[in-house]
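What the coordinates show
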Amino acid sequence: MYFAPSKGRLQKPKAGMKKRSEIEDDLVLTMRFQFNPKLGIDNPALCLGEDTGSDPEPSARFCVLRKDADGGFAFYLRKEQEREGHIVRQVMPGGPAYLAGLRDGDQLLQINGEYVHEQEHLRVVQKIKYSGSRVSLGVLDEAAYERLRSSHRSPASVLPSFLPDSCPRPRFYRVKNEGRGFGFTASATGGVRGTFLLQVDEGGPAQKAGVPHGSRLLEVNGESTISITLSQLTKKLQRKSSHVVLLVLEASAWDIYESHGVPLSAALAETSSLPYRTRKLHLVKGTQGYGFLLRQEKCPAGQGQFLREIDPGLPAEDAGMREGDCLLGVNGQSVEGLEHEDIVSMIQESGKQVTLIVISNEGDRFFSEIGLSPLLFYEEAILNHSECKNTTQITTDTPSGPGHTDPQVKADPAKSHSTSTEIQRNEE
């Protein structure tokens, strides 16, 4: 129940009660004391309110969020010029984030036990999106973060417990079917759902792919195995397929994640285990433009933006662009889910240079198979600010709900000079 204060109205005294003045009530409540110059102030009330002159020690808060019926966490994560790291904004009152204790202005430091303060913003956003139905966040309120910065301390110092760098991470393995299966069997430990250990056949496809014997199975082709039975898992693996993608964890590491209360998901996977990686291209426009064509084409995920007709010797080729690359981001912003015309305008409005995040056509198909965005595993290469000034000036504002982007730049499609599927090379 909400209690509103009285707006100056006084209650009438009940019958039989003796009316007292407000001054008399005040005198009764006031404690008298004597000041002794030799002993100093001896008023206990003043001692309790004494300012010690020191601020409280900054302390991280840990919030466990569960997705709502719409599949989101109901808050925004923003990269701002005035502050380092990742800032929580627009926490919806009554939503999962608010109920878990997240507040506007909080500084995000940790996701599922992993320290992310210094990680690239796009990747941090994707980690939250693909953490499953539950995510654990470690945050500092804005005032505490400023005190921490003024004392030149690392934000990691206020996290009492997070996954050490030496802790094994889940790894992806792509196992081929050589005609006799995938070369491993799974067993449920103690008959419990979702607790599958893998026995790897000697010399079989799984061993060739590097799958550790006795490891714990977490996902098959992007689908979690936590809540399925052994019979259901067997049916999944018996489907006719040329290959299968497994997400596994070394059995010895399981207790570490449980003791830290870290939910295991693909968001924690070791990036070096992936067969395909994203690439960052920095293009400086020449007299003949950038030298590439951007096309909207059908792909396993629906519609994608692909780079075509790369001219030899022009900036696109020099930056490392390859025929058929799929475009994922422009100047630090994800383009997933955006209209073709808006993406064209983002590139054109970059001026003399632009930074693109891309992945090969084969890599795009691979991530579509496992139902993940390649940006989940994107790691930004360190660039010289003088080489790429636009990158440092971009403010990314991305909601943490899946399948949604909120670009800062909304361009006028009439300025893009594009058709529904194709734009001309970026020339002045």
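Placed above this text is the structure.
Quick look at the structure, then.

Rules used in this analysis
- Residues numbered from 1 in each chain as written.
- Predicted model: local features only at pLDDT ≥ 70, side-chain atom pairs only at ≥ 80, totals over all residues.
- Heavy atoms only, no water.
- Helix = DSSP H or I, 4+ residues; strand = E, 2+ residues; numbered from the N terminus.
- Buried < 20%, exposed > 50% of the residue type's maximum accessible area, 1.4 Å probe, protein only.
- Areas by Shrake-Rupley, 256 points an atom, 1.4 Å probe, with all protein chains shown as cover.
- Phe/Tyr/Trp six-rings, centres within 6.5 Å; stacked < 30°, edge-to-face > 60°.
- Lys NZ or Arg CZ within 6 Å of the ring centre and 35° of its normal.
- Polar contact = N/O pair within 3.5 Å; in protein donor to acceptor, adjacent residues only side chain to side chain.
- Contact = heavy atoms within 4.5 Å.
- Salt bridge = Lys/Arg side-chain N within 4 Å of Asp/Glu carboxyl O.

Broken down by element type, the chain carries 12 helices and 19 strands. By the burial criterion, 44% of the 428 residues in the chain qualify as buried. With the model as given, the accessible surface of the chain reaches about 23,800 Å², and the carbon-plus-sulfur share is 50%.

So, on to the packing of aromatic side chains. Across all of its chains, the model carries six aromatic pairs by this definition. Considering the side-chain rings of Phe172 and Phe377, the 5.9 Å spacing of their centres and the 90° angle between planes classify their relative orientation as edge-to-face. Taken together, the residues Phe172 in strand S7 (residues 171-176) and Phe377 in the loop between helix H11 (361-369) and helix H12 (389-393) connect sequence positions 205 residues apart. Side by side, Phe172 and Phe377 carry an identical accessibility label, which is buried. An aromatic cluster of at least three residues, connected via ring pairs, comprises Phe172, Tyr276, Phe366, Phe367 and Phe377. Cation over ring: Arg103 sits above Tyr98, and NZ or CZ is 3.8 Å from the ring centre. Over the ring of Trp254 we find Arg216; its NZ or CZ atom is 3.5 Å from the centre of that ring.

Note that Ser373 resides in the loop between H11 and H12. Judged by its relative accessible area of 4%, Ser373 falls in the buried class. Of note is the side chain of Ser373, whose polar atom sits 2.7 Å from the side chain of Glu336. If we ignore the near neighbours within four places in the chain, the residues touching Ser373 are Gln126, Tyr130, Glu336 and Phe367.

With that settled, the discussion passes to the pattern of salt bridges. Summed over all chains, the structure comprises 13 salt bridges. The partner of Arg89 in a salt bridge is Glu80, with the nearest N and O atoms 3.0 Å apart. Taken individually, Arg89 and Glu80 each receive the classification buried, so the pair is uniform in this respect. Its salt-bridge partner being Asp325, residue Arg279 comes within 2.5 Å of it at the nearest N-O pair. Of this pair, Arg279 sits in strand S13 (residues 279-284) while Asp325 sits in the loop between helix H9 (315-318) and strand S16 (326-330); the two residues are 46 residues apart in sequence, bridging distant segments of the chain. Like Arg279, the residue Asp325 is buried in the burial classification. Among the charged side chains, a network of salt bridges with common partners joins Arg78, Glu80, Arg89 and Asp104.

For the rest of this paragraph, the subject is helix H10 (residues 340-348). Burial analysis of H10 places seven of its nine residues in the buried class, which makes it a mostly covered element. Those residues of H10 lying buried are His340, Asp342, Ile343, Val344, Ser345, Met346 and Ile347. Residues of H10 that are buried in the fold lie against strand S14 (293-299), strand S15 (302-308), S16, strand S17 (333-334) and strand S18 (353-359).

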